[in-house]
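Coordinate analysis (summary)
Below, each chain spelled out in residue letters.
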Amino acid sequence: MGMWRVFYESWQMECCGAPFSVGEEVNWPLAPMDPEDVRTWIPDEGHDRYDGTVRFDAHGDGWPTTRGRVLDIRLVRQVYAERSPGAHTLEPVPDTRSLTPVDTCPKWFEHEEPRTTSGLRRAHLTTGALVTLDAPDASPPEPRDRP
């Protein structure tokens, strides 16, 4: 069907994924993803050229696999911070997400917690990879596609 954007979450790769590179052919289980979830943090670079936005899901209930060639890999980075001292949860900091092009997706993703002068915890996380996949024979996965 064409080019797809695939979000490959860091935990999926670190759990049981295999690193892949630009130009490599892959066969992945893909699940539907709300395009608005991704479009809110992808710079506008011609959304019309993509046939779908999906996510890699090796832990779901048996999504069908899609074969395609990796055309582009961008690591998705986000800054998270405590909202108050001693908070146990970190929340995304608005306008701090970035995409960094790479040739190969890593097995392990960066996690950095620099010290802050305010005493609030802050983390720079690589949350996954946004992959452009050329899958000319694929059709969009739908929730009803589960076995």
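Shown above is the structure to which this text applies.
Structure report, in brief. Computed from a predicted structure; not experimentally measured.

**Quick look at the environment of Glu110**
Relative to the helices and strands, Glu110 resides in the loop between β6 (98-102) and β7 (111-112). Of the residues examined, Glu110 reaches a relative accessible area of 47% and is grouped as partly exposed. Sequence separation between Glu110 and Gly128 is 18 residues; the distance between their C-alpha atoms is 9.8 Å. With near-sequence residues (within four places) excluded, Glu110 lies in contact with Arg77, His124, Leu125 and Thr126. Within polar-contact distance, the side chain of Glu110 engages the side chain of Arg77 at 3.2 Å.

**Looking at the environment of Pro19**
Within the secondary structure, Pro19 is located in the loop between α1 (10-16) and β2 (25-32). With 88 residues separating them along the chain, Pro19 and Lys107 place their C-alpha atoms 5.5 Å apart. Sequence-distant contacts of Pro19, defined by excluding residues within four places in its chain, comprise Met13, Glu24, Cys105, Pro106 and Lys107.

**Side note on the pattern of salt bridges**
Summed over all chains, the structure comprises 7 salt bridges. A salt bridge links Arg69 to Glu25; the shortest N-O distance between them is 3.5 Å. Of the two residues, Arg69 is situated in strand β4 (residues 65-81) and Glu25 in strand β2; the sequence distance between them amounts to 44 residues. Arg69 gets classed as partly exposed once you look at its relative accessible area, which sits at 37%. Judged by relative accessible area, which is 41%, Glu25 ranks as partly exposed. A salt bridge links Glu82 to Arg121; the nearest nitrogen and oxygen atoms lie 3.8 Å apart.

Calculation rules
Residues numbered from 1 in each chain as written. Predicted model: local features only at pLDDT ≥ 70, side-chain atom pairs only at ≥ 80, totals over all residues. Heavy atoms only, no water. Helix = DSSP H or I, 4+ residues; strand = E, 2+ residues; numbered from the N terminus. Buried < 20%, exposed > 50% of the residue type's maximum accessible area, 1.4 Å probe, protein only. Contact = heavy atoms within 4.5 Å. Polar contact = N/O pair within 3.5 Å; in protein donor to acceptor, adjacent residues only side chain to side chain. Salt bridge = Lys/Arg side-chain N within 4 Å of Asp/Glu carboxyl O.

What is shown is where atoms sit, not what they do.
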